[in-house]
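# Structural overview for review
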Amino acid sequence: MQEFVKRFPAFLEKNLPVNPLKCEYFLPLIPDQMIKEGSAKVRLLKTEDKWYGITYSEDSFVVKVTVEDNGIGGLNSYWEGGDGEEIRFVNTYHPANAVLNISAVKELVGKDLADGEFTFVLTETESDFTTLKENGEIRVVTNDIYGIIDFGRFEYYSEGTYYYTVSEQIPEEANNGIVYDTKVYHITVEVTDDGNGKLITKVTGADSITFTNKYKATAAEIIFSGNKKLTGRPLK
């Protein structure tokens, strides 16, 4: 180590005037010279520097390099270590999952909205927004008292494009004075790798999903009946 430190001043004095901006890239020349002279050993270790999404290899190898004069004006080098096999570090890359929340709004005109009063369905489909996706998501939820429709959290583990429809579930016998909103919304979620260890989402069609129902009381029908009496002569 002392020999290693001692060589730095001479190295910098020689190289800084030539290329000061890139001098740091020349620093490995010192250990390279020492290895060639046979005065240094190399131990390969994993780096502590990490990049998002990468799992680093835990392997480490000890390598001894021997440099000899070949007698004809050159040097020969030999290495030992690594169990005599190729030294290879295998890292794996897996980006972090993307997370998305999908929600909508419920409005009721004509009376106050009650918690859980209406039901809504989110269905995962193919790109035509009609064909159900095999093993796709189907979520059925109701509104809260504030009109929030929360379909919850969606996690994406791989790149791809995902398609959903959102609609209100209309009862078969809707004779309660409610005129239901029949709109069907289409949502597209594009999931891509940002290259920094994360999956990210680009969402279209989910910004302003609002279902508006209208309430109108049915007119009441009242039938009055009675009897007629006439005093003094017969009733005709």
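Refer to the structure presented above.
Just so it is clear, the model here is predicted, and its values are computed rather than measured.

Turning our eyes to something else, we now look at the overall build of the protein. A count of helices and strands for the protein gives three helices and 14 strands. For the protein, the residues scored as buried account for 25% of the 236 residues in total. Nonlocal contacts in the protein, meaning residues at least 24 apart in sequence, comprise 59% of its contacts between residues at least 6 apart. Counting every atom, the protein has about 17400 Å² of accessible surface; 52% of that belongs to carbon and sulfur.

Moving on: the packing of aromatic side chains. Overall, the coordinates contain six aromatic pairs when judged by the stated rule. With a centroid separation of 5.8 Å and an interplanar angle of 85 degrees, the aromatic rings of F118 and Y180 are classed as edge-to-face. Of this pair, F118 sits in the loop between β6 (98-109) and β7 (119-125) while Y180 sits in the loop between β11 (178-179) and β12 (184-193); the two residues are 62 residues apart in sequence, bridging distant segments of the chain. Taking relative accessible area as the criterion, Y180 reaches 14% and is therefore assigned buried. Each member of the aromatic cluster is reached from another via a ring pair, and the members are F120, Y185 and F211. For K106, the ring lying beneath its charged end belongs to F118, and the centroid distance is 4.7 Å. Sitting above the plane of the F154 ring, R139 keeps its charged end 3.8 Å from the centroid.

Let's shift gears to the pattern of salt bridges. Scanning the model with the defined rule gives six salt bridges in all. We note a salt bridge from E137 to R139, for which the minimum N-O separation is 3.2 Å. Since its relative accessible area comes to 30%, E137 is described here as partly exposed. Classification of R139 by relative accessible area gives buried; the value is 19%. Between R153 and E155 there is a salt bridge, with its nearest N and O atoms 3.6 Å apart.

Our focus in this paragraph is the sheet that holds β12. One open sheet holds the five strands; their spatial order is β8-β7-β10-β12-β13, and the pairing between them is antiparallel. In this open sheet, the two strands that pair with only one neighbour each are β8 (138-142) and β13 (199-204). Taking each pair of neighbouring strands and ignoring which way they run, the sheet shows an average axis angle of 20 degrees.

The next thing to look at is the pairing of β7. Within β7, six of the seven residues are buried, leaving the element largely enclosed by the surrounding structure. Both β7 and β8 contribute to a ladder of five bridges, which runs antiparallel. Counted as the bridge partner of L122 is R139 from β8.

Positionally, D181 belongs in the loop between β11 and β12. What makes D181 buried here is its relative accessible area of 8%. Looking at D181, its side chain comes within polar contact range of the side chain of K183, at 2.7 Å. Excluding residues that lie within four positions of it along the chain, D181 makes contacts with E168, I170, T210, F211, T212 and N213.

By size, the foremost hydrophobic cluster in this structure holds 26 residues, and its most contacted members are F151, Y156, Y164, V166 and V189. Those elements giving two or more residues to this core turn out to be β6, β7, β9 (148-156), β10 (160-169) and β12. Take this core: its biggest share by element is five residues, from β6. By size, the runner-up hydrophobic cluster in this structure holds six residues, among which are M34, A40, V63 and V65.

Looking now at the sheet that holds β9. Read across the sheet, four strands follow the order β9-β6-β14-β11 without closing on themselves; strand pairing throughout is mixed. Each of the sheet's edge strands pairs with one partner strand only, and the pair in question is β9 and β11. Relative to strand β14 (residues 210-215), β11 is paired through two bridges, and the arrangement is antiparallel. Following the sheet pairing, I178 is matched in β14 by Y215.

What counts, and at which threshold
- Residue indices begin from 1 for each chain and proceed along its sequence in written order.
- For a predicted model such as this one, the threshold for reporting local features is a pLDDT of at least 70, and the threshold for listing and counting side-chain atom pairs is 80 or more; totals across whole chains, interfaces and linings nevertheless cover every residue.
- Heavy atoms throughout the structure, all of them, feed into the side-chain values; hydrogens and water do not.
- Helical segments are the DSSP runs of H or I of at least four residues, strand segments are the runs of E of at least two, and each set is numbered from the N terminus.
- Relative accessibility under 20% of the residue-type maximum defines a buried residue, over 50% an exposed one, and the middle range a partly exposed one, all with a 1.4 Å probe and only protein chains included.
- Whether two residues touch is decided by their heavy atoms; if any such pair falls within 4.5 Å, the residues are in contact.
- Each accessible area is a Shrake-Rupley estimate made with a 1.4 Å probe; only the visible protein chains count as cover when residues are assessed.
- For Phe, Tyr and Trp, rings pair up if their centres lie within 6.5 Å, where Trp contributes its six-membered ring, and each pair is then called stacked (planes under 30 degrees apart), edge-to-face (over 60) or tilted (otherwise).
- In our convention, an over-ring charge means Lys NZ or Arg CZ found within 6 Å of a ring centre and within 35 degrees of that ring's normal.
- The working definition used for a salt bridge is a side-chain nitrogen of Lys or Arg within 4 Å of a carboxyl oxygen of Asp or Glu.
- DSSP-based pairing: two strands are paired if at least 2 bridges between them are found.
- Fitted lines through C-alpha atoms give the axes, limited to the stretch in contact for helices. The angle between two N-to-C directions lies from 0 to 180 degrees.
- Polar contacts, as used here, are pairs of N or O atoms within 3.5 Å; protein pairs need one atom able to donate a hydrogen and one able to accept it. Residues neighboring in sequence count only if both atoms are side-chain atoms.
- For our purposes a nonpolar core is just a set of buried Ala, Val, Leu, Ile, Met, Phe, Trp, Tyr and Cys residues, chained together by side-chain atoms within 4.5 Å.

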